[in-house]
Amino acid sequence: MKKVGKTTAILLLSALLLSACSNGGSSGNTNDEATVLPAASAAQAAPEPSAQAAASPEASSAPVAEPSAAPAAAGAAPSSAPQPAGDNSAVSGEQSAGGTSAAEVPLLYHMNKNYDIVPNAEGTNKKVVLLTFDDGPKEADMINSLIDTLDKHHAKAIFFVNGYRVKEHPELLKLIKDRGGIIGNHSWDHIVLKDKPYAEVKKQIEDVQKIVKEVTGEAPHFFRPPHGAGGDVGKKIAAENGLLYMTWSVGSLDWEMKEKDTNKTAKLITNVTDQLHSGSNILMHELPWTVEALDTLLTTLEGKGYSFADPRSIELKMR
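Residues numbered from 1 in each chain as written. Predicted model: local features only at pLDDT ≥ 70, side-chain atom pairs only at ≥ 80, totals over all residues. Heavy atoms only, no water.

A few words now on the pairing of strand β4 (residues 157-161). Two faces, one strand: in a regular strand the side chains alternate between the faces of the sheet. Among the five residues in β4, five count as buried, and that is most of the element. Both faces of β4 are covered, namely the face carrying Ala157, Phe159 and Val161 and the face carrying Ile158 and Phe160. Both strand β3 (residues 128-136) and β4 contribute to a ladder of four bridges, which runs parallel. Each residue of the ladder has a partner; that of Gly136, found in β4, is Val161. Summarising the sheet, β4 and strand β5 (residues 182-185) pair through four bridges and their orientation is parallel. Within the sheet, the bridge partner assigned to Phe160 lies in β5 and is Gly184. (Buried < 20%, exposed > 50% of the residue type's maximum accessible area, 1.4 Å probe, protein only. Helix = DSSP H or I, 4+ residues; strand = E, 2+ residues; numbered from the N terminus. Pairing = 2+ DSSP bridges.)

Axis separation between helix α7 (residues 140-152) and helix α13 (residues 288-303) bottoms out at 10 Å; the angle between their running directions is 5°. By the angle class used here, α7 and α13 are roughly parallel. Across the interface between the two elements, Met142, Ser145, Leu146, Thr149, Leu150 and Lys152 of α7 pack against Pro288, Val291, Leu294, Asp295 and Leu298 of α13. When grouped by side-chain class, the residues that make up the contact of α7 with α13 number seven nonpolar, two polar and two charged. (Axes fitted to C-alpha atoms, helices over the stretch in contact; angles between N-to-C directions. Parallel < 35°, antiparallel > 145°, perpendicular 65-115°, else oblique. Contact = heavy atoms within 4.5 Å. Nonpolar A, V, L, I, M, F, W, Y, C, P; charged D, E, K, R; others polar.)

Attention now goes to the pattern of salt bridges. All chains considered together, the criterion is met by eleven salt bridges. Of the charged contacts in the structure, one is a salt bridge between Lys152 and Asp295, with a shortest N-O distance of 3.0 Å. Of the two residues, Lys152 is situated in helix α7 and Asp295 in helix α13; the sequence distance between them amounts to 143 residues. Judged by relative accessible area, Lys152 falls into the exposed class, the value being 56%. Given the relative accessible area of 25%, Asp295 is considered partly exposed. (Salt bridge = Lys/Arg side-chain N within 4 Å of Asp/Glu carboxyl O.)

Moving on, we get to helix α11 (residues 231-240). Residues of α11 that are buried: Gly234, Ile237 and Ala238. Take α11 and look down its axis: the buried residues cluster within an arc of 105°, on one side only. Of the residues in α11, the exposed ones pointing more than 90 degrees away from the buried face are Asp232 and Ala239. Against α10 (198-216), β6 (222-223) and β7 (244-245) lie the buried residues of α11. Phi for Gly242, located one or two positions after α11, is positive at around 70°. (Arc of directions from axis to C-beta.)

With 40 residues, the main nonpolar core has Leu131, Leu150 and Leu301 as its most contacted residues. Listing elements by their share of this core, those giving two or more residues are β3, α7, β4, α9 (170-178), α10, α12 (264-275), β9 (280-285) and α13. The greatest single-element share of this core, amounting to seven residues, is contributed by α13. Apart from residues no more than four positions distant in its own chain, Leu131 is found in contact with Leu150, Ala155, Lys156, Ala157, Ile158, Ile282, Met284, Leu298 and Phe308. Membership of the second largest hydrophobic core comes to 22 residues, among which are Met111, Ile117, Ile158 and Ile237. (Core = buried A, V, L, I, M, F, W, Y, C linked by side-chain atoms within 4.5 Å.)

Here is the structure:
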């Protein structure tokens, strides 16, 4: 019996020792798991509420950076899915605001009753001219050459167009628009409007507004009556359509020149410079000799200290 008791005691002691070792091992594993589990938990949490994923951009990137965490990368997909409507509208708003900001031109000038361009405030450069071309659109080559020269001198101009020409060649109007030209209304048929009845003048002006908007997406903001003769009716209808009515204050007289004439460039420049003054509203036409003379003319004006008013910087109300 004593022998059996001793054996039993040894077995009991061995069991107690094994139990103690086992408990010690568990404590060590628990500490290791405490280090590992948060990472595993974060990976599993990635697919959870999308609001959390959106709030923390790094939440989706951390699992993707872990090569062994394929399930976590799949779980992170919702964070790269289309953003909520609020986020999309914010992005669109920024793009729209950026586009608007780039296209905005401050209103620095207004037109007086002499059809000159006048600064709105002290300190604004008054030694400017407004460049305008009438009776188009005619030919792509002339339009491109004119605008090439304008671009060279960092200048903008108004292209006053006739409706019947636009109807014949809408692609030429689109060319002017696409190349940054400002489009003006020069009536449909290029007739003298001042003695015409209200209904006829209205049609001559508003039909141009309509076709230009159809072709370019934007109606003109400027109106010049053919031959400078719009009369009170023309002024009234222009105002009803939100158009700034103008004739000109400096004529290049390019319309009086003929193909056979010599020294047309010199004559055109002299015609302009003889009348030149601050705010000059210069009338030219889409004509071959005007195209040839334009670069020299603009260089001459710059040499005299003039710059070129952007038509978009002019208020649409005379004062």
